[in-house]
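# Structural overview
Below are the chains, spelled out letter by letter.
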Amino acid sequence: MSDRKRFDYVFCDLDGTLLEDRFRHYECYKAIVKKYGGKCISLDEYWNDKRNKVKRTVLLEKTGFRGTYDDYLNEWLALIEKPEFLKYEIMKPETPEFLKWIRENAEHAVLITQRRNRESLLQQLEDLEISVFFEEIISGDHKTELLEGRYNKDSLVIGDTEADEETAKRLGCTFIAVTSGVRNEKYLAADRKITGLKELYESGN
């Protein structure tokens, strides 16, 4: 009897999939508005707009932002991965059980993320005790190119954005979309959609 696991590779996204990201995003937004001036919209409105792809120009208009678009964008890129904002990112309640599910069902587990600051990423994963579940952590804008050629038809990509969808398409993997993350369900085309990770480990499918 074969003891081979069910999946060859499971490629898993981080922000919005394993971690709840809305508080980090909102606190970064508030910090920039505080610096330049304006009136912040509520967390719920901000996150709803984010999930529904409302343009940043609309957000800044709603806020009455007193800086320029470039001011906001440059500040955002400079701040969003700093430790003082990463501390607002919390692990989703179902993540620990999901990581055990990956370990039991996948020959190889790889974390994929668009994060640019690798040092802060690795420190956060160590602090959260997540890194031990993955044999490799791939980060940055060119993550898909690094993955090509290391998969087969029994592999999964699990994520919450169009970028994860594109990764799955390029690799030829099954895409499972988590619809409770950064993007609203209607913007995601997937082989399977789940509202939360527990749907995988509780159903066994």
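The following refers to the structure shown. The structure presented is a predicted model; accordingly, all values stated were derived computationally and were not measured.

A count of helices and strands for the protein chain gives 10 helices and eight strands. On C-alpha atoms alone, the protein chain measures out to a radius of gyration of 18 Å, which is about the 17 Å that the 2.2 N^0.38 rule sets for 205 residues. Dimensions of the protein chain, computed from the C-alpha atoms along their principal axes, are close to 65 × 35 × 30 Å. Looking at the protein chain as a whole, 48% of its 205 residues qualify as buried. Counting only contacts in the protein chain whose residues sit at least 6 apart along the sequence, the fraction spanning at least 24 positions is 66%. Here the protein chain has roughly 10,700 Å² of accessible surface; of this, 46% comes from carbon and sulfur atoms. Across the protein chain, the mean location of the 34 positive side-chain charges is 4 Å away from that of the 40 negative side-chain charges.

With that settled, the discussion passes to helix 3 (residues 56-63). Those residues of helix 3 lying buried are Leu59, Leu60 and Thr63. End-on view of helix 3: buried residues confined to an arc of 95 degrees, all on one side of the axis. Check the buried side of helix 3 and you find it contacts helix 1 (22-36), helix 2 (43-51) and helix 4 (69-79). Taken from the residues just after helix 3, glycine 64 is the one with a positive phi, measuring 65 degrees.

This next bit is on the pairing of strand 6 (residues 156-159). In strand 6, alternate side chains face the same way, and those of Leu156 and Ile158 on one face and Val157 and Gly159 on the other are all buried. Pairing between strand 1 (residues 7-13) and strand 6: three bridges, direction parallel. Opposite valine 10, over in strand 6, you have leucine 156 as the bridge partner. For strand 6 and strand 7 (residues 174-178), the ladder comprises four bridges, and the chain directions are parallel. For valine 157, the partnering residue across the bridge sits in strand 7 and is phenylalanine 175. Running through helix 9 (residues 162-171), the crossover from strand 6 to the neighbouring parallel element strand 7 is right-handed.

Cut-off values and rules
Residues numbered from 1 in each chain as written. Predicted model: local features only at pLDDT ≥ 70, side-chain atom pairs only at ≥ 80, totals over all residues. Heavy atoms only, no water. Helix = DSSP H or I, 4+ residues; strand = E, 2+ residues; numbered from the N terminus. Rg over C-alpha atoms; globule rule 2.2 N^0.38 Å. Buried < 20%, exposed > 50% of the residue type's maximum accessible area, 1.4 Å probe, protein only. Contact = heavy atoms within 4.5 Å. Areas by Shrake-Rupley, 256 points an atom, 1.4 Å probe, with all protein chains shown as cover. Lys, Arg positive; Asp, Glu negative; His and termini not counted. Charge placed at Lys NZ, Arg CZ, Asp CG, Glu CD. Arc of directions from axis to C-beta. Pairing = 2+ DSSP bridges. Right-handed = clockwise from strand over helix to strand, strands pointing away.

Such coordinate-based values are descriptive only and should not be taken to indicate function.
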